2 protein chains.
Amino acid sequence: MPDTAPEPLRMTAEHRELLDQLLDKWSLQVLDTLCERPRRFNELRQAIPAVTQKSLTTALRRLERNGMVTRVVLSTRPVAVEYRISPLGSTLQDLIDRLYHWTTTTLPEVEAAREAYDRSE
Amino acid sequence: MPDTAPEPLRMTAEHRELLDQLLDKWSLQVLDTLCERPRRFNELRQAIPAVTQKSLTTALRRLERNGMVTRVVLSTRPVAVEYRISPLGSTLQDLIDRLYHWTTTTLPEVEAAREAYDRSE
DNA sequence: CGGTATCCATTAAGATACTG
DNA sequence: CAGTATCTTAATGGATACCG
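A quick note: this is a predicted structure, and the numbers were derived from the prediction, not measured.

**Q** An account of the sheet that holds strand E1 (residues 39-40) of chain B is requested, with residue identities and associated values reported.
**A** Residue and element names in this part refer to chain B. Taken together, 3 strands build an open sheet; the order of strands is E1-E3-E2 and the sheet is antiparallel. If you trace the sheet from one side to the other, it starts and ends with E1 and strand E2 (69-74), each paired once. Where E1 lies against strand E3 (residues 80-85), 2 bridges are found, and the strand directions are antiparallel. Bridging across to E3, Arg40 finds its partner in Glu82. Its contacts with the sheet place helix H2 (residues 25-36) against E1, E2 and E3, and it is angled at close to 95 degrees to E3. Along the sheet face, helix H4 (residues 53-65) touches E2 and E3 and points at about 110 degrees away from the line of E2.

**Q** Break down the UniProt feature "domain: HTH hxlR-type" (unreviewed entry) in chain A for me, citing the residues and quoting the values.
**A** UniProt marks residues 13-111 of chain A with the feature "domain: HTH hxlR-type" (unreviewed entry), using the numbering shown here. Taken as a whole, residues 13-111 of chain A contains 66% helix and 14% strand, while its terminal C-alpha atoms sit 32 Å from one another.

**Q** So what about the protein's contact with DNA strand C? Which residues, and what values?
**A** Around DNA strand C, the structure places 14 residues, and the nearest of them are Lys54 of chain A together with Arg40, Gln53, Arg71 and Tyr83 of chain B. Each atom of DNA strand C within 4 Å of the protein belongs either to a base or to sugar and phosphate, the latter forming 58%. Taking Gln53 of chain B, its side chain carries an N or O atom lying 2.3 Å from a base nitrogen of DNA strand C. Here a phosphate oxygen of DNA strand C and a side-chain polar atom of Arg61 of chain B are 3.0 Å apart. Going through the elements one at a time, helix H4 (53-65) of chain A together with helix H3 (41-47), H4 and E3 of chain B are the ones with two or more residues in the surface near DNA strand C. The leading source of residues in the surface near DNA strand C is H4 of chain B, at 4 residues.

**Q** Could you give an account of the sheet that holds strand E3 (residues 80-85) of chain A, naming the residues involved and the relevant values?
**A** Residues and elements named next belong to chain A. Here 3 strands make up an open sheet; going across it, the order is E1-E3-E2 and the pairing antiparallel. A single partner strand is all that each edge strand has here, and the edge strands are strand E1 (39-40) and strand E2 (69-74). Together, E1, E2 and E3 form the strand contacts of helix H2 (residues 25-36), whose direction differs from that of E3 by roughly 95 degrees. In the packing of H4 onto the sheet, contacts are made with E2 and E3, and the angle to E2 comes to roughly 110 degrees.

Conventions we followed
- Just so you know, the residues in each chain are numbered from 1, in the order the chain's sequence is written.
- Here the convention is simple: chains get letters from A, ligands get numbers from 1, in the order in which they are written.
- Predicted model: local features are reported for residues with pLDDT of at least 70 only, side-chain atom pairs are reported and counted for 80 or more only, and whole-chain, interface and lining totals are derived from all residues.
- Side-chain measures were taken over the full set of non-hydrogen atoms in the model, leaving aside hydrogen atoms and water.
- Strands are labelled as partners when DSSP assigns at least two bridges between them.
- We count a stretch as a helix when DSSP gives it H or I for four or more residues in a row; a strand needs E for two or more, and each element gets its number in order from the N terminus.
- Pairs of residues are marked as contacts when any of their non-hydrogen atoms sit within 4.5 Å.
- Only C-alpha atoms enter the line fits that serve as axes; for helices the fit covers just the stretch in contact. Angles between N-to-C directions range over 0 to 180 degrees.
- UniProt positions are given in the numbering used here, feature names are shortened, and annotations may be inferred rather than shown by experiment.
- When we say a residue is near a molecule or strand, we mean one of its heavy atoms is within 4 Å of it.
- N or O atoms closer than or at 3.5 Å make up a polar contact, with two conditions inside protein: a donor-capable atom paired with an acceptor-capable one, and, for residues adjacent in sequence, both atoms drawn from side chains.

Below is the structure:
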């Protein structure tokens, strides 16, 4: 095996598009919230501050379509709808945790950089 | 030290806002490209397919403001401008690599999920 | 070369009202 | 309860022209 660089790892448009659909403002929070435990629609609304009904619906539909989230209709009276992270979606959990952890450790430096930038320009 | 769960890890609006500013479509690609090596403005345009001048400028300014990227004016004739990943920005490199790697392994399953969703609804 | 400025089209978000 | 439908407004993106 003469070559240790195994793949070009070309980032195609499809790969980026997928990240775009999962890493936006609301989807990230939905995924993070559902990783904890399943939630009903209105529970998600409460758990995610400032999300509107419309934005939440849009994010959920897209996450469902991409196989990240499962929509379960419970046959209670009246019917309830529960959203769960899918097995595929849970493979993202570790990465989301790392992203959030990165922001907590980095934010102070970022804020210093912002202040320096705003002062100079 | 009786408690092994050290922090609530509350995700505040500031943390999410930071991720929003770094994980968007163009910024992610700019960071990824600059992690490889420094680039000039027009080199970035070529390296990132379909990016417009305006979108690239916007992304660069924001990354610069957040301390992720450094803008270096080289005193050549005529002057050249080089963008480099900053030390702070390079702490994101590993996470970006993981994200991209995740998409390459996951995309087939995602596409299957999309087809199933589009067929059923 | 590395941008800014401007205008326009498209998209996303917000508010509100209504429904099975 | 869990949405959909509609309307309005705000943000984003692309095209083009120009500048130091």
